Structures are given as C-alpha cells and as structure tokens.
Amino acid sequence: QKEVEQDPGPLSVPEGAIVSLNCTYSNSAFQYFMWYRQYSRKGPELLMYTYSSGNKEDGRFTAQVDKSSKYISLFIRDSQPSDSATYLCAMSAGGTSYGKLTFGQGTILTVHP
Amino acid sequence: DGGITQSPKYLFRKEGQNVTLSCEQNLNHDAMYWYRQDPGQGLRLIYYSQIVNDFQKGDIAEGYSVSREKKESFPLTVTSAQKNPTAFYLCASSRSGISTEAFFGQGTRLTVV
C-alpha cells in the first residue's frame with residue numbers, strides 16, 4: 001500500500017464547476033500538506049500549503065486537512081480552462097524530514113469551455 | 001528573479017553512458033532535492049541535501065550520484081548502473097528549519113537512445 005493515495009482521474013468538468021480533489025494517507029507523522037499544480041512538461045508549482053488540520057483559502061482555492069481521517073482535499077471554485085493541469089498532493093513529517101515530500105500520483109484535470 | 005534553473009531541458013543518453021543534470025538556485029535555500037517523475041507514479045525522491053557537503057539517499061538512489069560543493073548547486077549524475085533512466089527529472093529547493101515548502105525547477109527530460 002502506498003503512503004499517499006490519489007485518484008489519478010482523469011477528471012473532466014465544464015467551466016464554472018466546483019472541483020474536488022482528494023488524497024488519503026497512512027503515515028500519521030505527516031504534519032505538512034501541500035498541493036501542487038503541474039502543467040504539461042513543466043515543473044510543479046506550489047498552490048497551497050497547510051500545517052496540521054483545518055482549512056485554508058486562497059482566492060478560488062480551498063485546502064482542507066482532516067488528520068483524524070488522514071484525508072486532504074483541494075476545492076477549486078468557478079473552474080477555468082486555465083486550471084487544466086495535473087494536481088499533485090504532497091506531504092511531509094517535518095522536523096528532520098523537512099522538505100522530504102511524499103507525493104500522490106497526481107490527478108489530471110481538464111476544464112472544458 | 002529568484003528561482004531554480006535546470007539544464008538541459010532535454011537530454012539524450014546512449015546505453016552505458018553517464019550523464020549529469022544541472023540544478024542551480026538563487027533563492028538562498030539550504031536544502032535541495034532531486035525527484036524522478038514517471039507516468040502514473042507521481043514524484044519519487046532520489047537524493048537530498050540539507051547543507052553543503054552533505055547529502056542523503058532518498059527512496060530510489062540506486063544508479064544515481066550527487067554532489068553539493070556549493071549552496072547554489074546540486075548536480076545529479078545518472079550512471080550506467082541505472083537500469084531504466086528514461087524519465088522526467090525535477091530539482092527542488094527549500095529553506096531549512098520548519099518550513100517544508102519546496103519549489104521546483106522546470107525539469108529535465110532524459111531519454112535513453
């Protein structure tokens with residue numbers, strides 16, 4: 001079993017839809033949770049960064065962390081065609097493991113006009 | 001502009017050859033990382049370095065080597081011992097301490113011919 005599981009999709013939605021992306025994990029030591037967006041043939045770009053449980057909002061993006069369920073989510077409101085990309089969840093235990101990220105497989109998202 | 005520069009963008013290697021991928025950052029980050037990305041498998045950690053002249057193996061270090069002689073530079077050598085080197089290679093960096101946000105370069109696509 002992988003430490004981090006992410007539904008690879010692909011996920012296709014119409015413009016304006018609310019998108020929900022999810023990851024589950026098994027390592028209870030994870031404390032830092034990130035979402036990256038990766039366009040084709042490019043490096044991942046950090047979208048959201050959260051520590052421990054709770055919600056964080058940034059514009060159209062909301063990240064949720066539920067450590068009791070070992071479950072994290074990224075919501076995209078009013079999705080745009082420019083949101084079409086692969087979304088990667090990543091997490092770290094911090095401490096001496098800072099920066100060592102464990103990634104999900106990535107979810108391919110297409111937003112069509 | 002601050003950032004991480006990887007070169008070359010595309011690299012072709014013949015069987016039995018060693019090749020070196022370059023990674024330079026001007027973010028003044030202490031920690032640097034190399035990840036490998038294969039389709040459907042997310043990113044996997046090859047090597048990481050938290051400080052100059054020190055580095056540790058990640059999850060898939062076999063067939064790779066690194067050096068960290070300068071804070072700004074963290075080159076990766078893919079040796080002939082790496083059985084399946086064709087992949088997308090990503091370099092990242094982060095600050096030391098409690099921050100675990102990692103920032104990525106644009107990647108090098110290595111193909112064995």
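Here, the structure is the one placed above.
No experiment lies behind these values; they were computed from the predicted model shown.

## Focus: the overall build of chain A
When its secondary structure is counted, chain A shows zero helices and 11 strands. Counting from the amino terminus, helix and strand elements in chain A follow one another as β-β-β-β-β-β-β-β-β-β-β. Taken over C-alpha atoms, the radius of gyration comes to 14 Å for chain A, in line with the 13 Å a tight globule of 113 residues would show. When the 113 residues of chain A are sorted by exposure, 44% land in the buried category. Sequence separation of 24 or more characterises 54% of the internal contacts of chain A that already satisfy a separation of 6 or more.

## Some details on the sheet that holds strand 8 (residues 71–76) of chain A
Residues and elements named next belong to chain A. Overall, antiparallel pairing links the five strands, which are arranged 1-3-8-7-6 in an open sheet. The sheet terminates laterally at strand 1 (4–6) and strand 6 (54–58), the two strands that pair on one side only. Here the average twist between neighbouring strands, direction ignored, is 15 degrees.

## With respect to empty space enclosed by the protein
Scanning the entire structure with this criterion turns up one cavity of 30 Å³ or more. Each pocket or cavity is described by its volume, and for the largest cavity that value is around 40 Å³. Contributing to the lining of the largest cavity are R41 of chain A together with K9, Y10, F88, Q106, G107 and R109 of chain B. In the lining of the largest cavity, the residues fall into two nonpolar, two polar and three charged.

## Some details on the pairing of strand 6 (residues 54–57) of chain B
Residues and elements named next belong to chain B. As paired strands, strand 5 (residues 43–51) and strand 6 are joined by three bridges and run antiparallel to one another. Residue pairing in the sheet places Y48 in a bridge with Q56 of strand 6. Remark: two residues form the turn of the hairpin made by strand 5 and strand 6, two consecutive strands paired antiparallel; N53 in that turn has positive phi of roughly 65 degrees.

## Brief notes about the pattern of salt bridges
Residues and elements named next belong to chain A. Counted under the stated rule, the structure contains six salt bridges over all chains. Across the salt bridge formed by R77 and E57, the nearest N and O atoms sit 3.4 Å from each other. Highlighted residues: R77 in the loop between strand 8 and strand 9 (85–92) and E57 in strand 6, separated in sequence by 20 residues. When its relative accessible area of 58% is taken as the criterion, E57 is described as exposed. Between D83 and R60 there is a salt bridge, with its nearest N and O atoms 2.8 Å apart.

## Here we look at the side chain of S73 of chain B
Residues and elements named next belong to chain B. Tracing the chain through its elements places S73 in the loop between strand 7 (64–66) and strand 8 (76–78). Polar contacts involving the side chain of S73 include one to the side chain of E24, which spans 3.0 Å. Non-local contacts of S73, meaning those with residues more than four positions away in its chain, are made with C23, E24, M32, S67 and R68.

## Description of unusual backbone geometry
Cis geometry is adopted by the peptide bond preceding P8 of chain B, which originates at S7 of chain B and carries an omega value of -10 degrees. At K70 of chain A, a residue that is not glycine, the phi angle is positive and equals roughly 55 degrees. Within the secondary structure layout, K70 of chain A lies in the loop between strand 7 (61–66) and strand 8. Given a relative accessible area of 27%, K70 of chain A falls into the partly exposed group. If you check the backbone angles, N28 of chain B has positive phi at about 60 degrees while not being a glycine. You can see N28 of chain B is positioned in the loop between strand 3 (19–25) and strand 4 (31–37). Here N28 of chain B falls in the exposed class, since its relative accessible area comes to 56%.

Cut-offs and rules
Residues numbered from 1 in each chain as written. Chains lettered and ligands numbered in written order. Predicted model: local features only at pLDDT ≥ 70, side-chain atom pairs only at ≥ 80, totals over all residues. Heavy atoms only, no water. Helix = DSSP H or I, 4+ residues; strand = E, 2+ residues; numbered from the N terminus. Rg over C-alpha atoms; globule rule 2.2 N^0.38 Å. Buried < 20%, exposed > 50% of the residue type's maximum accessible area, 1.4 Å probe, protein only. Contact = heavy atoms within 4.5 Å. Pairing = 2+ DSSP bridges. Axes fitted to C-alpha atoms, helices over the stretch in contact; angles between N-to-C directions. 1 Å grid on protein atoms, 1.4 Å probe; cavity = no way out; pocket = protein on both sides within 12 Å on 5 of 7 lines; lining within 4 Å. Points joined across faces, edges and corners; volume = space filled by probe spheres on them. Nonpolar A, V, L, I, M, F, W, Y, C, P; charged D, E, K, R; others polar. Salt bridge = Lys/Arg side-chain N within 4 Å of Asp/Glu carboxyl O. Polar contact = N/O pair within 3.5 Å; in protein donor to acceptor, adjacent residues only side chain to side chain.

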